[in-house]
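Now for the letters of each chain:
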Amino acid sequence: MKSTQYSEKVLDHFQNPRNVGTLEGENVAVGRVGNPTCGDLMEMFVRIKHNLIEDIKFRTFGCGSAIATSSMITEMVKGKTIEEAKRITRQDVADELDGLPAIKMHCSNLASRALHEAIRQYEKGEGEEVESKVEPCQKEQIAGLEEFIGKGLYREVENVENLKDKRILLVHRDDSSIEMAIKLTGYSDRVVLMTCADTFQTTEDLEEALEESSVKLLRESQLLGVSGEFEVEKAKIRDLDDDDEYELFTDAVIIGK
């Protein structure tokens, strides 16, 4: 990490990360999230007792900023109530670190998402009703739809063999999208499933199968369009949580009917 780009706090948490590791036992839940754009992966373990975050640990496969943001958020939430932890945003994490370069803000977002996912998993285990945003999914027109349909952009896939070893992005419509994503992992290790919502609303069995699969999940994201010279090469995506847009290299996009 170049010291000219990062605050002293970021460098300190990167070089001396707090609360690294895992937790096991009763009242422990795990949040696992990833960012297919940069490849960062995050796991957040929380032990919750009497509505308080009694302990928290993390593991990450990511850059120095991912380590620093994870370390910082564990210090921010230890001892707080679930409700207080839920209100922590990526900007709160960045502010506590005295700022992050704009290009690294997704790291603070990943850390806060992992925390929120861990709390969501805990609430599910406790039988609590998990609040979910109303699903506004993919209603906007996709740029390039007419030009690329059948050229890497598909409403359905008749022969999955044609997608072998491809980079595949699926837009979640219903359970059939999840089933297809899991099926495609038998043909490619680069399968991404995307939803506009903050969670994939499905059956318990499918949710478990999805978590155990190698499908990478993009939540709170919307497909804006596709582009390429002759066939699909990139997908333009809006991160609804960040209110940011970025491009994802992909060979095939499946949007359903």
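Residues numbered from 1 in each chain as written. Predicted model: local features only at pLDDT ≥ 70, side-chain atom pairs only at ≥ 80, totals over all residues. Heavy atoms only, no water.

According to the stated counting rule, one finds 14 salt bridges in the structure shown. The salt bridge partner of R18 is E75, with a shortest N-O separation of 3.8 Å. Of this pair, R18 sits in the loop between α1 (8-15) and β1 (28-34) while E75 sits in helix α2 (residues 64-77); the two residues are 57 residues apart in sequence, bridging distant segments of the chain. The exposure class of E75 is partly exposed, given its relative accessible area of 42%. Where E247 meets K234, a salt bridge forms, and the shortest distance between an N and an O atom there is 3.5 Å. On the criterion of sequence distance, the pair formed by E247 in strand β10 (residues 244-249) and K234 in strand β9 (residues 234-239) is long-range, its members being 13 residues apart. By relative accessible area, E247 is classed as partly exposed at 43%. According to the relative accessible area criterion, K234 is partly exposed, its value standing at 25%. (Salt bridge = Lys/Arg side-chain N within 4 Å of Asp/Glu carboxyl O. Helix = DSSP H or I, 4+ residues; strand = E, 2+ residues; numbered from the N terminus. Buried < 20%, exposed > 50% of the residue type's maximum accessible area, 1.4 Å probe, protein only.)

Geometry of a packed helix pair, given as the angle between the helix axes and the separation of the axes. The N-to-C vectors of helix α7 (residues 175-184) and helix α8 (residues 204-212) enclose an angle of 30°; their axes lie 10 Å apart at closest approach. The way α7 lies across α8 gives a crossing that is left-handed. Packed against α7, whose contacting residues are D175, I178, E179 and I182, the element α8 presents L206, A209 and L210 at the interface. Looking at side-chain class alone, the contact of α7 with α8 contains five nonpolar, no polar and two charged residues. (Axes fitted to C-alpha atoms, helices over the stretch in contact; angles between N-to-C directions. Left-handed = near helix turned anticlockwise from the far one by under 90°. Contact = heavy atoms within 4.5 Å. Nonpolar A, V, L, I, M, F, W, Y, C, P; charged D, E, K, R; others polar.)

Once that is clear, we can look at the sheet that holds strand β4 (residues 153-154). Here we have five strands laid out as an open sheet, ordered β4-β11-β5-β6-β7, and parallel in their pairing. Here the strands that pair on one side only, and so sit at the sheet edges, are β4 and β7 (216-218). As judged from the three bridges shared by strand β6 (residues 191-194) and β7, these two strands associate in the parallel manner. Bridging from a neighbouring strand, M194 pairs with L218 of β7. Packed onto the sheet, α7 meets β5 (168-171), β6 and β11 (252-254) and runs at close to 165° relative to β5. (Pairing = 2+ DSSP bridges.)

In this model, D165 sits at a positive phi of 65°, which is unusual for a non-glycine residue. At E220, a position not held by glycine, the phi torsion is positive, near 50°. Relative to the elements of secondary structure, E220 occurs in the loop between β7 and β8 (221-227). With relative accessibility at 12%, the residue E220 sits in the buried group.

Spatially, three strands are ordered β1-β2-β3 in an open sheet, and the strand pairing comes out antiparallel. For this open sheet the edge positions go to β1 and β3 (52-61), each flanked by a neighbour on one side alone. If you compare each strand with its neighbour and ignore which way they point, the axes differ by 15° on average. Note that strand β2 (residues 41-49) and β3 share nine bridges and pair antiparallel.

α2 packs onto α1 with a crossing angle of 90° between their chain directions and a minimal axis gap of 8 Å. As the angle between them shows, α1 and α2 are arranged roughly perpendicular. Only G64, I67, A68, S71, M72 and E75 of α2 make contact with α1, whose side of the interface consists of V10, H13 and F14. In the contact of α1 with α2, the residues fall into five nonpolar, three polar and one charged. (Parallel < 35°, antiparallel > 145°, perpendicular 65-115°, else oblique.)

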